[in-house]
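Here is what each chain is made of, one letter per residue.
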Amino acid sequence: MANYISDAKKLLNAEYDAIIKVNDTIDNMRVLSTNEKAKDEFGVFLLQANGEISCYVFDEIFIVGRVTGFENLPDAIEAWINDEV
């Protein structure tokens, strides 16, 4: 399990080829799922402390999108698939 910290724009102290996996943490939120949609762009679904789900969109180690407040993981994944994130 890797532990990542971000500055809201990119992962700090992470290599450009870092691969985020399930059960890693980003900003103290546990990674529940990941999904690659396009080359070098992938969604990471995180469990917030309040029980809601966040989706971060990454291009390598850069955060290019973020949506929080999903009630459950299927809703977050559906939004990602439908380009709503």
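Attention here is on the structure that accompanies the text. (Residues numbered from 1 in each chain as written. Predicted model: local features only at pLDDT ≥ 70, side-chain atom pairs only at ≥ 80, totals over all residues. Heavy atoms only, no water.)

Another aspect to go through is the overall build of the protein chain. Helices and strands together make up the secondary structure of the protein chain, namely 1 helix and 7 strands. Walking the protein chain from its N terminus toward its C terminus, one meets helices and strands in the order β-β-β-β-β-β-β-α. With the principal axes as the frame, the protein chain shows a C-alpha extent of 30 × 30 × 20 Å. Looking at the 85 residues of the protein chain, the share that counts as buried comes to 34%. (Helix = DSSP H or I, 4+ residues; strand = E, 2+ residues; numbered from the N terminus. Buried < 20%, exposed > 50% of the residue type's maximum accessible area, 1.4 Å probe, protein only.)

The next point concerns the environment of Tyr16. Tracing the backbone shows Tyr16 in the loop between β2 (11-12) and β3 (25-26). We classify Tyr16 as exposed; its relative accessible area is 51%. In contact with Tyr16, other than residues within four places in its own chain, are Glu60, Ile61 and Phe62. (Contact = heavy atoms within 4.5 Å.)

Moving on: the pairing of strand β5 (residues 41-47). Where burial is concerned, most of β5 is hidden: 5 out of the 7 residues are buried. As judged from the 7 bridges shared by strand β4 (residues 29-38) and β5, these two strands associate in the antiparallel manner. Directly across from Val31, in β5, lies its bridge partner Leu46. Counted between consecutive antiparallel strands, the loop separating β4 from β5 contains 2 residues, among which Asp40 sits at a positive phi close to 70 degrees. Looking at chain direction, β5 and strand β6 (residues 53-59) are connected through 7 bridges and run antiparallel. Looking at β6, one finds that Leu46 is bridged to Ser54. Between β5 and β6, which pair antiparallel and follow one another directly, the connecting turn spans 5 residues, one of which, Gly51, has a positive phi of 90 degrees. (Pairing = 2+ DSSP bridges.)

For the rest of this paragraph, the subject is unusual backbone geometry. For residues other than glycine, phi is negative in most cases, and the peptide bonds are mostly trans. With phi around 80 degrees, Asn23 is a residue other than glycine that occupies positive phi space. For Asn23, a relative accessible area of 32% corresponds to the partly exposed category.

For the rest of this paragraph, the subject is a negative patch on the surface. On the surface, a cluster of negative charge is contributed by Glu36, Asp40, Asp59 and Glu60. Looking at the secondary structure, you find Glu36 in strand β4. Its relative accessible area of 60% is what places Glu36 among the exposed residues. (Patch = residues over 30% accessible without salt bridge, like charges linked within 9 Å, V, L, I, M, F, W, Y side chains within 5 Å. Areas by Shrake-Rupley, 256 points an atom, 1.4 Å probe, with all protein chains shown as cover. Salt bridge = Lys/Arg side-chain N within 4 Å of Asp/Glu carboxyl O. Lys, Arg positive; Asp, Glu negative; His and termini not counted. Charge placed at Lys NZ, Arg CZ, Asp CG, Glu CD.)

With that settled, the discussion passes to the packing of aromatic side chains. Under the definition given, this model contains 3 aromatic pairs. Judged by centre distance (5.6 Å) and plane angle (20 degrees), the rings of Phe42 and Phe58 are stacked. In this pair, Phe42 is assigned in strand β5 and Phe58 in strand β6, connecting sequence segments 16 residues apart. Residue classification places Phe42 among the buried positions, given a relative accessible area of 16%. Given a relative accessible area of 0%, Phe58 falls into the buried group. Three or more aromatic residues link up through ring pairs in this structure, and these residues are Phe42, Tyr56 and Phe58. The ring of Tyr56 is capped by Arg66, whose NZ or CZ atom sits 4.8 Å from the centre of that ring. (Phe/Tyr/Trp six-rings, centres within 6.5 Å; stacked < 30°, edge-to-face > 60°. Lys NZ or Arg CZ within 6 Å of the ring centre and 35° of its normal.)

Geometric descriptors of this kind do not, in isolation, establish any biological role.
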